[in-house]
Amino acid sequence: MSASDWGQLLLLGFLWGGTFFFARIAVAEIPPLALVLYRVSIAALVLHLWLRTCGISFAPALARSGSFLCLALLNNVIPFSLIFTGQTEIGAGLASIFYATTPLWTILIANLLTADEKLSATKLAGVGLGIAGAAIMIGPGLLSNLGGPAWAKLAVIGAAISYGFGVVYAKRFKNMKPSVVATGQLTASTIVMLPIVFLLYSPAAIVTSSVPIWAAVAVLAVFTTALAFILYFNLIASAGATNASLVTLLVPASAILLGTVFLGERLEPFEFAGMTSIIASLLIIDGRLFRRWMRQKS
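Quick notes on the rules
- Along every chain, residues carry numbers that run from 1 in the direction the sequence is written.
- With pLDDT at 70 or above as the cut-off, local features in this predicted model cover only qualifying residues; side-chain atom pairs require 80 or more to be listed or tallied, and sums for whole chains, interfaces and linings still use all residues.
- Values shown for side chains rest on all heavy atoms present in the structure; no hydrogens or waters enter the calculation.
- Helix and strand definitions here come from DSSP, where helices need a minimum of 4 consecutive H or I residues and strands a minimum of 2 consecutive E residues; each element is numbered from the N-terminal end.
- When accessible area is computed with a 1.4 Å probe and restricted to protein chains, residues below 20% of their type maximum are described as buried, those above 50% as exposed, and intermediate ones as partly exposed.
- Here, residues are in contact when the closest pair of their heavy atoms is within 4.5 Å.
- Values of accessible area rely on a 1.4 Å probe in the Shrake-Rupley scheme; residue burial ignores everything except the protein chains shown.
- Each residue carries a pLDDT score, the predictor's confidence in it, ranging from 0 to 100.
- In this scheme, a helix's expected span is set at 1.5 Å multiplied by one less than its residue total.
- Between 30 and 60 degrees the pair is tilted, below 30 it is stacked and above 60 it is edge-to-face, where a pair is any two Phe, Tyr or Trp rings, Trp via its six-membered ring, whose centres lie within 6.5 Å.
- What counts as an axis is a line fitted to C-alpha atoms, over the stretch in contact for a helix, and the angles between N-to-C directions run from 0 to 180 degrees.
- For classification purposes, an angle smaller than 35 degrees is called roughly parallel, one larger than 145 roughly antiparallel, one from 65 to 115 roughly perpendicular, and anything else oblique.
- What makes a crossing left-handed is the near helix being turned counterclockwise from the far one by less than a right angle; a clockwise turn instead makes it right-handed.
- Under the grouping applied here, Gly and all other residues not named as nonpolar or charged are polar, the nonpolar ones being Ala, Val, Leu, Ile, Met, Phe, Trp, Tyr, Cys and Pro and the charged ones Asp, Glu, Lys and Arg.
- Nine residue types can take part in a nonpolar core, namely buried Ala, Val, Leu, Ile, Met, Phe, Trp, Tyr and Cys, and a core is a set of them joined through side-chain atoms within 4.5 Å.
- Residues with no salt bridge and a relative accessible area higher than 30% make up the patches, which join like charges within 9 Å and nonpolar side chains (Val, Leu, Ile, Met, Phe, Trp, Tyr) within 5 Å.
- Definition used for salt bridges: Asp or Glu carboxyl oxygen within 4 Å of a side-chain nitrogen of Lys or Arg.

Caption draft 1: Local environment of the overall build of the protein. Within the protein, the regular secondary structure consists of 16 helices and zero strands. Within the protein, buried positions represent 51% of all 298 residues. In the protein, 89% of the contacts between residues at least 6 apart in sequence involve partners at least 24 apart. For the protein, the computed accessible surface area is about 13200 Å², with 71% contributed by carbon and sulfur atoms.

Rendered as structure tokens:
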């Protein structure tokens, strides 16, 4: 990964770090599937306006509508629905740990379905260390919130597996502009979610008068979805599926740092230890420092 790739990975981790926090706020008054619809539809609208402003054609996405439907199911509809539903019963910290297993599933799926991203001991060791670091960061909070129904935990793990398939499938769009890929995916997601939500809920059930709830929805749609998926697809095209999935290891660290900066929360020693473990895992997966050390020894 280049310095630019690492910069995009860190920015994406920062953006997605707030997802679980804002989702936890929003699902208090908006049903999970309706929240998925709001998130993807608002993000799709924002990206269509962006394409029009920049003079970028959406035609390449229309020509591959079937492929975008599949991408939307794997990257938006299934994981968003599972995560938001799981978060009605489990906390953001525990959900983010299960979400952080995404690189592990991606490595296994990429090994089966691709020719250029095969399984290696280094990758497995790095991802394992990263997941451990994410768990350490949550620390006592994780241990005190291990309750909750098994189905809610399995739902978030299912979302991580779906993301694993999604990130590998997204490799086939690497020759298309990331902004067009993100817009195509979110547009297809909106088309899928519209009939589902309107069949399941009455208008009164999916509308709230709470300003904080709508503010949380807006942040989820514009920043953690529209902007984030442009970065995400650019990273997949530049650095590969497995490397792009590493962003999920940064999410717990980002969430805690956001709390420290904006809410005045104090970092605990175990949180520093968890961050150190995550940084070490990324360095192991990147491999450049290790290779340089080996060259110096020889």
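This is not the end of the story, as more comes after the structure.
Caption draft 2: Layout of the confidence of the model for the protein. Residues of the protein with pLDDT of at least 70 account for 82%, and the chain-wide mean is 82. Element-level mean pLDDT values for the protein span from 55 in helix α9 (residues 140–143) up to 95 in helix α11 (residues 178–200).

Caption draft 3: Just helix α3 (residues 32–54), in detail. Spanning 23 residues, α3 covers 33 Å between terminal C-alpha atoms, matching the ideal 33 Å at 1.5 Å per step. At the exit of α3 stands G55, carrying a positive phi of roughly 70°.

Caption draft 4: Summary view of the packing of aromatic side chains. Going through the model one piece at a time under the given rule, you end up with ten aromatic pairs. Ring centres of Y38 and W214 lie 5.1 Å apart, and the angle between their planes is 75°; this geometry places the pair in the edge-to-face category. Residue Y38 is found in helix α3, and its partner W214 is found in helix α12 (residues 211–239); the two are separated by 176 residues along the sequence. On the basis of an interplanar angle of 50° and a centroid distance of 6.4 Å, the ring pair of F80 and F229 is categorised as tilted. Highlighted residues: F80 in helix α5 (residues 65–86) and F229 in helix α12, separated in sequence by 149 residues. Accessibility assignment for this pair places F80 and F229 in one class, buried. Of the aromatic side chains, those joined through ring pairs into one cluster are W16, F80, F84, F229, Y232 and F233.

Caption draft 5: A look at the packing of α11 against α12. Remark: α11 packs on α12, axes separated minimally by 8 Å, with the N-to-C direction vectors making an angle of 125°. Judged on the interaxial angle alone, α12 and α11 are oblique. The handedness of the crossing between α11 and α12 is right-handed. Contact with α11, carried on its side by P178, S179, V181, A182, Q185 and L186, involves T225, A226, F229, I230, F233 and N234 of α12 and no other residues of that element. Considering only residue class, the contact of α11 with α12 consists of eight nonpolar, four polar and no charged.

Caption draft 6: Geometry of the environment of A95. Note on placement: A95 falls in helix α6 (residues 92–99). The class for A95 is buried, based on a relative accessible area of 0%. Once the C-alpha coordinates of A95 and A155 are considered, the two residues, 60 residues apart in sequence, prove to be 9.5 Å apart. When sequence neighbours within four positions are dropped, the list of residues in contact with A95 reads F20, Q87, I90 and V156.

Caption draft 7: View of the nonpolar core. By size, the foremost hydrophobic cluster in this structure holds 82 residues, and its most contacted members are W16, Y232 and F233. At 13 residues, α12 tops the list of elements feeding residues into this core. Look past the residues within four positions of W16 in its chain and what remains in contact with it is R39, Y99, T224, A228, F229, Y232, V247 and V251.

Caption draft 8: Structural detail: the packing of helix α1 (residues 3–17) against α12. At their nearest, the axes of α1 and α12 sit 9 Å apart, and the two run at 150° to each other. The angle between the axes of α1 and α12 places the two elements in the roughly antiparallel class. The hand of the α1/α12 crossing is left-handed. Mapping the contact onto sequence places D5, Q8, L9, L11, L12, L15 and W16 in α1 and F223, T224, L227, A228, F229, L231, Y232, N234, L235, S238 and A239 in α12. Classifying every residue of the contact of α1 with α12 gives 13 nonpolar, four polar and one charged.

Caption draft 9: Layout of the side chain of T183. Structurally, the position occupied by T183 is in helix α11. When sequence neighbours within four positions are dropped, the list of residues in contact with T183 reads A44, L47, H48, L51 and F58.

Caption draft 10: Geometry of the environment of V27. Its place among the elements puts V27 in the loop between α2 (19–26) and α3. C-alpha separation for the pair V27 and T88, spaced 61 residues apart in sequence, amounts to 6.7 Å. Among residues more than four places away in sequence, those in contact with V27 are L35, F84 and Q87.

Caption draft 11: Inspection of a nonpolar patch on the surface at higher detail. Side chains of L69, L73 and I78 sit close together on the surface and give an oily, nonpolar patch of about 210 Å² of accessible area. Relative accessible area serves as the criterion here: at 31%, L73 is assigned to the partly exposed category.

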